[in-house]
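Coordinate inspection notes
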Amino acid sequence: MKALILVGGYGTRLRPLTLSVPKPLVEFCNKPILLHQVEALVKAGVDHVILAVSYMSDLLEREMRVQEERLGIRISLSHEKEPLGTAGPLALARELLNVDNEPFFVLNSDVICDFPFKDLLQFHHNHGKEGTIVDPTAQIGENCTIGPNVTIGAGVVVEDGVRIKRCTVLKGARVRSHSWLESCIVGWSSSVGQWVRMENVTVLGEDVIVNDELYLNGANVLPHKSINESVPEPRIIM
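Please read all numbers here as calculations on a predicted model, not as lab measurements.

Description of the overall build of the chain
- Summing up its helical and strand segments, the chain has five helices and 22 strands in all.
- Across the 238 residues that make up the chain, the buried fraction comes to 44%.
- Pairs at least 24 apart in sequence give 30% of the contacts found in the chain among residues at least 6 apart.
- Within the structure as shown, the chain displays about 12800 Å² of accessible surface, and the carbon and sulfur contribution to it stands at 50%.

Quick word on the sheet that holds strand 7 (residues 145–146)
- Across the sheet, five strands lie side by side as 7-10-13-16-19; this open sheet has parallel pairing. Every interior strand has two partners, whereas the edge strands, strand 7 and strand 19 (215–217), have only one.
- Bridge count between strand 16 (residues 197–199) and strand 19: three bridges; the pairing is parallel. Its bridge partner lying in strand 19, Arg197 is registered against Tyr215.

Thoughts on the pattern of salt bridges
- Using the criterion set out here, one finds five salt bridges in the structure.
- Between Glu182 and Lys165 there is a salt bridge, with the nearest N and O atoms lying 3.9 Å from each other. You can see Glu182 sitting in strand 13 (residues 180–182) and its partner Lys165 sitting in strand 10 (residues 163–165), a full 17 residues away along the chain.
- What emerges from the salt-bridge pattern is a single network uniting Glu159, Arg174 and Arg176.

Here's the deal with unusual backbone geometry
- Of note, Arg166 is a non-glycine position whose phi angle comes to about 50 degrees, a positive value.
- Within the secondary structure, Arg166 sits in the loop between strand 10 and strand 11 (167–169).
- Not every positive phi belongs to a glycine, and Ser189 is a case in point at roughly 60 degrees.
- Here Ser189 lies in the loop between strand 14 (184–186) and strand 15 (191–192).

Observations regarding the packing of aromatic side chains
- Going through the model one piece at a time under the given rule, you end up with zero aromatic pairs.
- We note Arg197 situated over the ring of Trp180; from NZ or CZ to the ring centre the distance is 3.9 Å.

Quick notes on the sheet that holds strand 12 (residues 174–175)
- The strand order across the open sheet formed by six strands is 6-9-12-15-18-21, and the pairing between neighbours is parallel. Two strands lie at the open edges of the sheet, namely strand 6 (139–140) and strand 21 (226–227), each paired on one side alone.
- In this sheet, strand 21 lies alongside strand 18 (residues 209–210) in parallel orientation, the contact comprising two bridges. Directly across from Val210, in strand 21, lies its bridge partner Ile227.

Re the side chain of Ser190
- Position of Ser190 relative to the elements: it lies in the loop between strand 14 and strand 15.
- At 3.3 Å, the side chain of Ser190 and the backbone nitrogen of Asp207 are in polar contact.
- At a separation of 2.9 Å, a polar atom in the side chain of Ser190 contacts the main-chain amide nitrogen of Val208.

Calculation notes
- Per chain, residue numbering runs from 1 following the sequence as it is written.
- Residue-level local features of this predicted model are given only where pLDDT is at least 70; pairs of side-chain atoms are given and counted only at 80 or more, and the full residue set underlies all totals for whole chains, interfaces and linings.
- Remark: hydrogens and water are excluded; side-chain values derive from all non-hydrogen atoms of the structure.
- Strands are runs of DSSP state E lasting at least 2 residues, helices are runs of H or I lasting at least 4, and numbering of each runs from the N terminus.
- Buried means the residue's accessible area, taken with a 1.4 Å probe over protein chains only, is under 20% of the maximum for its type, while exposed means over 50%, and partly exposed covers the values in between.
- Any two residues whose heavy atoms approach within 4.5 Å at even a single point are treated as in contact.
- Note on areas: Shrake-Rupley, 1.4 Å probe, and residue coverage restricted to the protein chains presented here.
- Two strands are said to pair when DSSP picks up at least two bridges between them.
- A carboxyl oxygen of Asp or Glu within 4 Å of a side-chain nitrogen of Lys or Arg is what we treat as a salt bridge.
- Between rings of Phe, Tyr and Trp, where Trp is taken as its six-membered ring, a pair exists when centres lie within 6.5 Å; planes separated by under 30 degrees are stacked, by over 60 edge-to-face, and by other angles tilted.
- By the criterion adopted, a ring carries a charge over it if an Arg CZ or a Lys NZ lies within 6 Å of its centre and within 35 degrees of its normal.
- Counting of polar contacts relies on pairs of N or O atoms within 3.5 Å, with two restrictions inside protein: one atom must be capable of donating a hydrogen and the other of accepting it, and residues adjacent in sequence are counted only when both atoms are side-chain atoms.

This is the structure:
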């Protein structure tokens, strides 16, 4: 299994430290930031790490060759010779990533946390195997189908029997049991009732309440509204 870590930034907010070393090699708890990630990935079964490099790539390569031997994994470098934007390094490394059909992790190099890689991988395998991002504080009920292409934010509660695909559910929202969401955005702290169907780029603003057993088709709902009847045709609810 593979992982792509984006390590090409200049680390301007950590200057003057990053005038000497790239940000991923700055130590956190007496260990380079990047190494916290790599070791967590190895524990989850990753055996090939690809570094999307640019700034001070020679120092990164030198350090990672030492870690490659110590950890018994393969580390490759994908050089970004000019700024390619957020997803550019992913496209640049596609030949390395597309060797097989296995899923892969993508990380920014300056994140330190407890990485639940094994849990995320298991969730990904169980829910469509495409673009799944679930915050570790979210609660997912039984018999749910989540994915493909779903992002679930912090503190979200998804009750039993919910189907969600191609959606973003933002922090603090709740989707009650047996609802069906496709191509929607559920705003912060919003609540979707039971047996609700939402589709066709329905967008709920912050703190919206959708009552039980309603149908929303392309509705754009402004913040702090309560929806008590179905919206069968696309419209803005003010």
